[in-house]
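# Structural overview for review
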Number of protein chains: 6
Amino acid sequence: MDALKSPRFAQPITFARLPLVRDLKGNGVLGAFVGVPFDGGATFYTGARLGPQFIRAESRLLRPYNMDLDVYPFIALRAVDYGDVDVIPTSVVRTLDRIEETIGSVIDQGATPFIAGGDHSITLGVLRAVGRRFKPLVLHFDSHFDYWDEYWGEKYTHGTWVRRAIEEGLIRGVIQVGIRGPQYDKSDLEYPRNSPVPIRVITMSEVDAKGINWLINELRNSLSGSVYVSFDIDSVDPAYAPGTGTREPGGFTSREALLIIRSLANINFELVGFDVVEVSPPLDTANITSLLAANITYQAMSIKARQVNKIAKG
Amino acid sequence: MDALKSPRFAQPITFARLPLVRDLKGNGVLGAFVGVPFDGGATFYTGARLGPQFIRAESRLLRPYNMDLDVYPFIALRAVDYGDVDVIPTSVVRTLDRIEETIGSVIDQGATPFIAGGDHSITLGVLRAVGRRFKPLVLHFDSHFDYWDEYWGEKYTHGTWVRRAIEEGLIRGVIQVGIRGPQYDKSDLEYPRNSPVPIRVITMSEVDAKGINWLINELRNSLSGSVYVSFDIDSVDPAYAPGTGTREPGGFTSREALLIIRSLANINFELVGFDVVEVSPPLDTANITSLLAANITYQAMSIKARQVNKIAKG
Amino acid sequence: MDALKSPRFAQPITFARLPLVRDLKGNGVLGAFVGVPFDGGATFYTGARLGPQFIRAESRLLRPYNMDLDVYPFIALRAVDYGDVDVIPTSVVRTLDRIEETIGSVIDQGATPFIAGGDHSITLGVLRAVGRRFKPLVLHFDSHFDYWDEYWGEKYTHGTWVRRAIEEGLIRGVIQVGIRGPQYDKSDLEYPRNSPVPIRVITMSEVDAKGINWLINELRNSLSGSVYVSFDIDSVDPAYAPGTGTREPGGFTSREALLIIRSLANINFELVGFDVVEVSPPLDTANITSLLAANITYQAMSIKARQVNKIAKG
Amino acid sequence: MDALKSPRFAQPITFARLPLVRDLKGNGVLGAFVGVPFDGGATFYTGARLGPQFIRAESRLLRPYNMDLDVYPFIALRAVDYGDVDVIPTSVVRTLDRIEETIGSVIDQGATPFIAGGDHSITLGVLRAVGRRFKPLVLHFDSHFDYWDEYWGEKYTHGTWVRRAIEEGLIRGVIQVGIRGPQYDKSDLEYPRNSPVPIRVITMSEVDAKGINWLINELRNSLSGSVYVSFDIDSVDPAYAPGTGTREPGGFTSREALLIIRSLANINFELVGFDVVEVSPPLDTANITSLLAANITYQAMSIKARQVNKIAKG
Amino acid sequence: MDALKSPRFAQPITFARLPLVRDLKGNGVLGAFVGVPFDGGATFYTGARLGPQFIRAESRLLRPYNMDLDVYPFIALRAVDYGDVDVIPTSVVRTLDRIEETIGSVIDQGATPFIAGGDHSITLGVLRAVGRRFKPLVLHFDSHFDYWDEYWGEKYTHGTWVRRAIEEGLIRGVIQVGIRGPQYDKSDLEYPRNSPVPIRVITMSEVDAKGINWLINELRNSLSGSVYVSFDIDSVDPAYAPGTGTREPGGFTSREALLIIRSLANINFELVGFDVVEVSPPLDTANITSLLAANITYQAMSIKARQVNKIAKG
Amino acid sequence: MDALKSPRFAQPITFARLPLVRDLKGNGVLGAFVGVPFDGGATFYTGARLGPQFIRAESRLLRPYNMDLDVYPFIALRAVDYGDVDVIPTSVVRTLDRIEETIGSVIDQGATPFIAGGDHSITLGVLRAVGRRFKPLVLHFDSHFDYWDEYWGEKYTHGTWVRRAIEEGLIRGVIQVGIRGPQYDKSDLEYPRNSPVPIRVITMSEVDAKGINWLINELRNSLSGSVYVSFDIDSVDPAYAPGTGTREPGGFTSREALLIIRSLANINFELVGFDVVEVSPPLDTANITSLLAANITYQAMSIKARQVNKIAKG
């Protein structure tokens, strides 16, 4: 929708004011925004079911041209808003099925999904859908490991999806970035050593000690092949992202977060899916968390757009 | 959209989750929700440009059946969300033209407009469109007269639309309900006496003294023919409608407001248009003002639906 | 805890600053406050899992003597704070078991439970516990019927507990007070006619038409034997109770709500349990919803205290 | 300041945009707004030190003509904003001295003080100043008695000023209106019986049972001679006045509060001072509490203006 | 006003508690704070009309001595609060005239204006006034270029003032600092190349890559002669400045912003005017945006004070 | 309390869900959390009396293992929540006595106090208690000096405690970190030169110029023997800590604050007490200030835990 015709604050809201389209194949869509408004997997504070709504609202300021990466992501991807997954608010298990089905359809139609959660439990459903075609490496931004085995006997929560994804054979490795804060037990740190697939943990302490450029370089040396990016907004500091359920002070700034994502543009891999999760608007202030999530999604779309353009140019 | 298929908090938002449709005639639409996101006519606090967005968000709880009036308003009116008028945020005068054009198109296609503002200056544009077909009596809920001649030399503001509408010959009378609060001068009360069309003023003091039932009876005796209802949300008390720019304590409760609108169902007139204005979401708390505005709109649609049904049966 | 020794804003928080006690029998406790911090059964907005925490915080202003009912509720009931049910946030079904178990223990120890939810799905668990000893009439304050059969195939939600409780044979009737707002379908109104137990529906329209005194009189004529009171805070108007997930404008005022509960003091029945539910603090403003819920609980405890005193004197 | 020259939201803020004037006598001022930004006497939540600032901000909508009472209060009283008392934030006792001195000067210059607190402890300082000339009857709106003897050994707090004023022989009686909520002990109700001056208590329960018109009539029969009005904003319900430190649900509506004050216009007494206290802006939502306080002050000024006009007309 | 006599939270509010003075010449004033409460030029969110009010409120903590720059800005400039420009809320064009007139008078009286907006459209009016005496270089902090030609056919908005100022021949160049975020089109970047006066663009990406010290050095090499500083608060990151209408994540921190302004102290140029714009208090949280704007203004006054002192010392 | 049994959002709240224990000696407690809910010493905004309540609420996410410092602080210190000091809200002087008494008892029982204020005046009471056994060096994080002699003739406020502590001979030196912002007068900087004990001032400007690592190194070279750490949360930037009464932009980030505290682990000194003060929840947004304060306290406890472990292993 053209902001020079209709002001950005006008009209019913879609992601970045893109058209709401369900037929991706027919429209040659290569990138689709999909909401997963679910918070039934949260173990602390809820509210993430409103994430897609508020991220859409804050995405209205996203304009077509990414000058840092010199790319028009929406044009390159013929991007659309696919709407939301019809979740089952009272059931994690059934919602995971719905996610797999919907995201599966997006992928089957040839589009890369750019997903806005929802709590982090939803990523398992997405990976099941992605897993039909790819066995990706997961680049996982988070302040928490999310590889616990269960909570109160529950296997499917926002803190257990990494382990489930590994157990289900969906992924070929994980790189965790931004880990920090108190842990339950020293033994929490041991799972990566015994994990069937490689898990690389990069803590904020390590980032503090070695710097952002070191981190970017590490990612450059680690990413290749199919990669799925899962961005838990609580990897960012509460000052920049107060609107999330399980906050840990001492995280990334918004500038660092955007820079890190942007820096993926120069690495040779295939982005097969992306999510930004744990945005909880009822806990947010001035919607800055949703605004940041919208911008991170924009950078992720730009990464994919450059990959697509590169292939097109051959 | 069916809430039993997709939860009410999911999917991009339209008014009451109705389809977003521009071709009214082709779809036999008799009632259309239209947003006018404009606050360039406000003389005190702004923010009403976000009214349509937030009223849509809060309208998601509106369900199809009005049990008090025994009517299905959306079905009876084949109601849709028409989207917003493409306002010019920096120009009242040009925006009035845009409103007239868009609302004119709605009316030309045979639908009654149910409008969410925006500040009260927008009503003049609507009345210009309505005025092509009708010369309605205006039932005007407000805490202010809105018939001043100008502010700082400006003729088109949210406090002057009543006088402009009269001067432009658009309406055949006004009934003002809910007037209260301090006035600039005693002479402010004199305009109705010299007005070219009848203006009936019912103050809150009068309502306090005589009761709501008296008020409803007065309306019953006063309304007939084509009627346009303009509902300034500041007619309601700030406890029920904090999100508005020019608040006056001592207004209607939400129960009274809904009851009064609902009671119009039994009066013999033709509703030719409706607006709810001055909802300013940045000033609101917990979105209760937008929620109330959505429900008042629902009652207004129900009134029209009953009129339509009556004619159909007639 | 004595406010004249330690200011009311000091010290870790329990309900009304009562002692946190698990051994009820040994302490002769007749009334226990219990929190059920669960919102996994909510179909619209979440946040009610924080209800008990915020109701406790706002209860610190409750003082020992109820001058309207001339009773010391805490002393009469030797009241305590029993803590919270250890819910399973991601499972309604398992949480209902936990509720039944915990509330069952409260009742087995001879105390009447005064419960703070949580969403309305929790009441089913409470009624299962109550149902071991009583088959109560349920006095149900709400803006919604809550007797739907399912949502998206889910049987246990905050909108289906009434039907489940009837199907499970736990209750001998329901009186619903405060019903209002749009409905899915006219047929929604038919369930009471075919229900195996009597359901009396009193809508807000009826209350508006006949008055609060009529309502109180109706309750006087309807209540006897064992009665369970379930108070959904959304029966109150959003101006008085903005902090709830599924709001309907046009509800009771706080004065009416307190008056109605207080008026139960003069009716001859046995209060076997009480809950106040659907308080969602993240949606609240200035915590007034939690404050009201605390005061309603206080009045309910006072009712029970008078019943206890009467028996003692009896 | 003329709103037709400078918009109401512009320019540094004084009460009702009146001039900031310290020389009252020279300007023939009969009524002065004075702020007392003090909350060092609060026993529960603080924040009332910001009351004057926010009441001034919300007073900008007050216009010159009171149409209900047919009077121009600012003109009749040649009203000004006198600024604030220079309180000592960390000392109640020294602040009371400062209040007495400043308000004493206002009175000595021939003006009636219209005071915005500040917590209720400040009223004692005002009464000491008023007491130099008058021994008034105090019309006291509140949800609390405020006649306790001490808190934690402290004699000067917002809950003890009534007793201190009586002990210091400053007043000839008290009428308390709006009392409600839980009490420490039944014996709390006994102080009026043994008080050296008459204390009349009118509870909200009594108002609920007998109606507002009865209350107004009671006041008509009780007020005469010199009267000081102290309006604790917590006499109003938290829905209308959330921004106060010690809230009790079940209070007056804004319409009732304004009506009661307005109805004093027809009673034959002399208003010797007025305060509105306990407005705590940090706890407020959308500043509606400050807005209401500004309007109540306006009505009080109008009462005085009519008394002044009446004398002038002789 | 002396904080040791009257607490900082007391008394009607002026900028930094300076006297409200209109006669600058007679008082030898060299620096005047002026508010421009206008948001009629905003293309996205409004609210900036409240900027001056809230910046004044937060400025109360500003104390006389700047220890980093070893200067007493208020004393050196004999600084005052000049009040606000009497804007015309519904007309950009007429407001620009009012601004030119008022600021022109400030300059004519020999004082440098320190302006608090208001949306960025106001800067054009200020530059017209400044332009009568100087043709300054504009040091422009912003996340946006603001040199578009029009919005919806409107020439005077907060996004077009740079182009208008150049077209009107008011300035001799622009240095833009902090530019970032998505753009409409690649061609947006081309205007500087064809501009009649030099435009230097420094993006946040460039700052990220080269560092703050590089930026400060660039400014040192670029500034000389008469310089006007326009500080759009959205150049700062939304975590530090959430209260603004068109936010872009990834901006300066408050420490960087203050450091950059402070570092101007050692550069040889003449500051002929300053504004901080786009502070929108209704969108702010905890007023931190207004607080930052007040402190930036303080640093700007300190820069001027040092220039004045230097001249005085000769 | 085990989060795997009871969700972290459930149950009445204590610090980090530790047991509420008054008998420290009998339980071998080495570290006790103590709240001091007092804001009667604040000279600007109040609200800090709610600090302990909100810090406790946000501390629920603190888990047992500190992976950065490889220590279990709660286990090592057998840590408990001691509850709050029973302050006298209306008297600084009497509250200081209460603090001395309560903290004295904690120390006498062999535990190190970890205190949550409250405004900064409380630190004097704590130092009086600490002073019975130690004459510590105070490591003081703050944006203000807090060594003024008086405010309005008042000796005991949150801005005078440093001078009082020196005068009372309680401490052997002060290191102030984070000082910034405007000062009353240049002479404010002179007190350290004439102080009877050494005062080292490290301003934010110095930190900006030399870097965080330099700061950490300075502390390493300065600390030894008994050290008391007083952390005024306003040393942190308002973006990270908006909820405090006297904010100064340009402070530490949360990452820096946590890093600095953490880095104390490798310095050879004895931590004899710790406080985090000036957290004012009514001014906070999304409780991020309380969350940060809880995490800083956790790091401080970890420092002590390592000192304790070292001695144990010793």
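Everything quoted here is computed from the prediction, not taken from an experiment. (Residues numbered from 1 in each chain as written. Chains lettered and ligands numbered in written order. Predicted model: local features only at pLDDT ≥ 70, side-chain atom pairs only at ≥ 80, totals over all residues. Heavy atoms only, no water.)

### Structural notes on the overall build of chain A
The helix and strand tally for chain A stands at 10 helices and eight strands. Here chain A has a C-alpha radius of gyration of 18 Å; the compact-globule value for 314 residues is 20 Å, and the two agree. Projected onto its principal axes, the C-alpha coordinates of chain A cover approximately 55 × 40 × 40 Å. Per-residue burial for chain A yields a buried fraction of 74% across its 314 residues. Restricting the contact set of chain A to residue pairs at least 6 apart, pairs at least 24 apart contribute 79%. Counting 33 positive and 36 negative side-chain charges, chain A places the centres of these two groups 7 Å from one another. (Helix = DSSP H or I, 4+ residues; strand = E, 2+ residues; numbered from the N terminus. Rg over C-alpha atoms; globule rule 2.2 N^0.38 Å. Buried < 20%, exposed > 50% of the residue type's maximum accessible area, 1.4 Å probe, protein only. Contact = heavy atoms within 4.5 Å. Lys, Arg positive; Asp, Glu negative; His and termini not counted. Charge placed at Lys NZ, Arg CZ, Asp CG, Glu CD.)

### Some thoughts on the sheet that holds strand 7 (residues 226-232) of chain B
All names here are of chain B. Taken together, eight strands build an open sheet; the order of strands is 2-1-3-8-7-4-5-6 and the sheet is parallel. The two strands at the open ends of the sheet, each matched to only one other strand, are strand 2 (80-84) and strand 6 (199-203). The sheet shows a mean angle of 15° between the axes of neighbouring strands, taken without regard to direction. Alignment of strand 1 (residues 31-36) against strand 3 (residues 112-117), held across six bridges, turns out to be parallel. Bridge assignment links Val-34 to a residue of strand 3, and that residue is Ile-115. Packed on one face of the sheet, helix 4 (residues 122-130) meets strand 1, strand 3, strand 4 (137-141), strand 7 and strand 8 (270-277) and runs near 165° to strand 7. (Pairing = 2+ DSSP bridges. Axes fitted to C-alpha atoms, helices over the stretch in contact; angles between N-to-C directions.)

### Brief notes about the pairing of strand 2 (residues 80-84) of chain D
Residues and elements named next belong to chain D. Taken across its five residues, strand 2 has five buried, putting it largely inside the fold. Sheet topology places strand 1 (residues 31-35) next to strand 2; three bridges connect them, and they run parallel. Counted as the bridge partner of Phe-33 is Asp-81 from strand 2.

### Examining the relation of the copies chain B and chain C
Under the fitted operation, chain B is carried onto chain C by 0.0 Å of movement along the axis and a turn of 120°, and the coordinates agree to an RMSD of 0.0 Å. Between the two chains, the operation in question is that of a three-fold axis. Scanning chain B for the C-alpha nearest the rotation axis identifies Ala-239 of chain B, at a separation of 3.3 Å. A share of only 9% of interface residues in chain B that are also interface residues in chain C marks the association as one of differing surfaces. (Least-squares fit on C-alpha atoms with pLDDT ≥ 70 in both.)

### Overview of the relation of the copies chain D and chain C
After a rotation of 120° and a shift along the axis of 0.0 Å, chain D superposes on chain C with an RMSD of 0.0 Å. Of all interface residues in chain D, a mere 8% are interface residues in chain C too; the two copies therefore contact each other through different surfaces.

### A short note on the pairing of strand 1 of chain D
Across a regular strand the side chains alternate sides, sitting on one face of the sheet and then on the other. All names here are of chain D. Among the five residues that make up strand 1, five are buried, leaving the element largely enclosed by the rest of the structure. Both faces of strand 1 are covered, namely the face carrying Gly-31, Phe-33 and Gly-35 and the face carrying Ala-32 and Val-34. With five bridges joining them, strand 1 and strand 3 (residues 112-116) adopt parallel strand pairing.

### Side note on the interface of chain D and chain C
Taken together, the 37 residues of chain D in the interface contact 32 residues of chain C. Counting each side, the surface lost to burial between chain D and chain C is near 2900 Å², with a carbon and sulfur contribution of 58%. At the junction of chain D with chain C, the criterion picks out five salt bridges. Arg-255 of chain C is paired through a salt bridge with Asp-208 of chain D; the nearest N and O atoms lie 2.9 Å apart. Linking chain D with chain C are 16 residue pairs in polar contact (both at pLDDT 80 or more). With four residues, the single largest contributor to the side of chain D that touches chain C is helix 7 (residues 204-210) of chain D. Residues of the side of chain D that touches chain C, tallied by class, amount to 18 nonpolar, 11 polar and eight charged. (Buried area = accessible area lost by both parts, 1.4 Å probe. Salt bridge = Lys/Arg side-chain N within 4 Å of Asp/Glu carboxyl O. Polar contact = N/O pair within 3.5 Å; in protein donor to acceptor, adjacent residues only side chain to side chain. Nonpolar A, V, L, I, M, F, W, Y, C, P; charged D, E, K, R; others polar.)

### Observations regarding the UniProt feature "binding site: Mn(2+) 2" (unreviewed entry) in chain A
Residues and elements named next belong to chain A. In this structure's numbering, the residues bearing the UniProt feature "binding site: Mn(2+) 2" (unreviewed entry) are Asp-232 and Asp-234. Along the polypeptide, Asp-232 turns up in strand 7 (residues 226-232). Of the residues examined, Asp-232 reaches a relative accessible area of 2% and is grouped as buried. Apart from the residues within four sequence positions on either side, Asp-232 is in contact with His-120, Phe-141, Asp-142, Asp-146, Val-277 and Glu-278. (UniProt positions renumbered as here; feature names shortened; annotations may be inferred.)

### Looking at the pattern of salt bridges
Applying the stated criterion across every chain, the model contains 117 salt bridges over all chains. Note that Glu-248 of chain E is salt-bridged to Arg-63 of chain A, the shortest N-O span being 2.6 Å. Linking Glu-248 of chain E in the loop between strand 7 (226-232) and helix 9 (254-263) with Arg-63 of chain A in the loop between helix 1 (51-58) and helix 2 (73-77), this pair reaches from one chain into another. With relative accessibility at 2%, the residue Glu-248 of chain E sits in the buried group. Here Arg-63 of chain A falls in the buried class, since its relative accessible area comes to 5%. For Arg-164 of chain B, the salt bridge is made with Glu-167 of chain B, and the minimal N-O distance between the two is 2.9 Å. Linking Arg-164 of chain B with Glu-167 of chain B, this pair stays in helix 5 (residues 161-167), spanning three residues, or about one helical turn. For Arg-164 of chain B, a relative accessible area of 2% puts it in the buried group.

### Comments concerning the packing of helix 9 (residues 254-263) of chain B against helix 10 (residues 288-313) of chain B
Residues and elements named next belong to chain B. The geometry of helix 9 relative to helix 10 is characterised by a closest axis approach of 9 Å and an angle of 15° between their N-to-C directions. One finds that helix 9 runs roughly parallel with respect to helix 10. Our pair here, helix 9 against helix 10, has a crossing hand that is right-handed. Facing helix 9, whose interface residues are Ser-254, Ala-257, Leu-258, Ile-261 and Arg-262, helix 10 presents Leu-292, Asn-295, Ile-296, Gln-299, Ala-300 and Ile-303. Among the residues making up the contact of helix 9 with helix 10, the classes are represented as seven nonpolar, three polar and one charged. (Parallel < 35°, antiparallel > 145°, perpendicular 65-115°, else oblique. Left-handed = near helix turned anticlockwise from the far one by under 90°.)

### Notes on the interface of chain B and chain C
Counting from both sides, the interface comprises 32 residues of chain B and, opposite them, 37 residues of chain C. Summed over both partners, the interface of chain B with chain C comes to about 2900 Å²; 57% of that surface belongs to carbon and sulfur atoms. Of all residues in chain B, Arg-63, Met-67 and Arg-255 of chain B bury the most surface against chain C, accounting for 28% of the area lost on that side. Joining chain B to chain C, the criterion identifies five salt bridges. Salt-bridge contacts for Arg-247 of chain C lead to Glu-58 of chain B; the nearest nitrogen and oxygen are separated by 3.2 Å. The interface formed by chain B and chain C includes 17 residue pairs in polar contact (both at pLDDT 80 or more). Put simply, the parts of the chain that give the side of chain B that touches chain C at least two residues each are helix 9 and helix 10 of chain B. Here the side of chain B that touches chain C gets five residues from one element, more than from any other, and that element is helix 10 of chain B.

### Regarding the sheet that holds strand 7 of chain A
Residue and element names in this part refer to chain A. Spatially, eight strands are ordered 2-1-3-8-7-4-5-6 in an open sheet, and the strand pairing comes out parallel. On the outer flanks of this sheet lie strand 2 (80-84) and strand 6 (199-203), each paired with one strand and no other. Along the sheet, successive strands turn relative to each other by an average axial angle of 15°, direction set aside. Across the sheet, helix 8 (residues 212-222) touches strand 4 (137-141), strand 5 (173-179) and strand 6, and the angle it forms with strand 6 is around 170°.

### Some thoughts on the side chain of Gln-11 of chain E
Tracing the backbone through its elements, the reader meets Gln-11 of chain E in the segment before strand 1 (31-35). Those residues within four positions of Gln-11 of chain E in sequence are excluded, and the remaining contacts are Arg-22, Gly-83, Asp-84, Val-85 and Asp-86 of chain D together with Met-1, Ser-6 and Arg-17 of chain E.

### What to know about the arrangement of the chains
One finds no contact linking chain A with chain D; the least C-alpha distance across the pair is 15 Å. Kept free of each other, chain C and chain E leave a smallest C-alpha distance of 15 Å between them.

### Here's the deal with the UniProt feature "binding site: Mn(2+) 1" (unreviewed entry) in chain A
Residues and elements named next belong to chain A. In the numbering used here, UniProt assigns the "binding site: Mn(2+) 1" (unreviewed entry) feature to His-120, Asp-142, His-144 and Asp-146. A maximum C-alpha distance of 10.8 Å among these annotated residues, which run over 27 residues, shows that they cluster at one spot. Here His-120 is to be found in the loop between strand 3 (112-117) and helix 4 (122-130). Discounting chain neighbours no more than four positions away, the residues touching His-120 are His-140, Asp-142, Asp-146, His-158, Trp-161, Ser-230, Asp-232, Asp-275, Val-277 and Glu-278. Within the structure, His-120 has its side chain in polar contact with the side chain of Asp-142 (distance 3.4 Å). Its location among the elements puts Asp-142 in the loop between strand 4 and helix 5 (161-167). For Asp-142, a relative accessible area of 0% corresponds to the buried category. Each residue touching Asp-142, except ones within four places of it in the same chain, is listed here: His-120, Val-177, Gly-178, Ile-179, Asp-232, Asp-234 and Ser-235.

### So, the packing of helix 1 (residues 51-58) of chain B against helix 10 of chain B
Residue and element names in this part refer to chain B. Running from N to C, helix 1 and helix 10 cross one another at 75°; their axes reach a closest spacing of 8 Å. Judged on the interaxial angle alone, helix 10 and helix 1 are roughly perpendicular. For the pair formed by helix 1 and helix 10, the contact residues are Phe-54, Ile-55 and Glu-58 on the first element and Ser-290, Leu-291, Ala-293 and Ala-294 on the second. Its residues assigned to classes, the contact of helix 1 with helix 10 shows five nonpolar, one polar and one charged.

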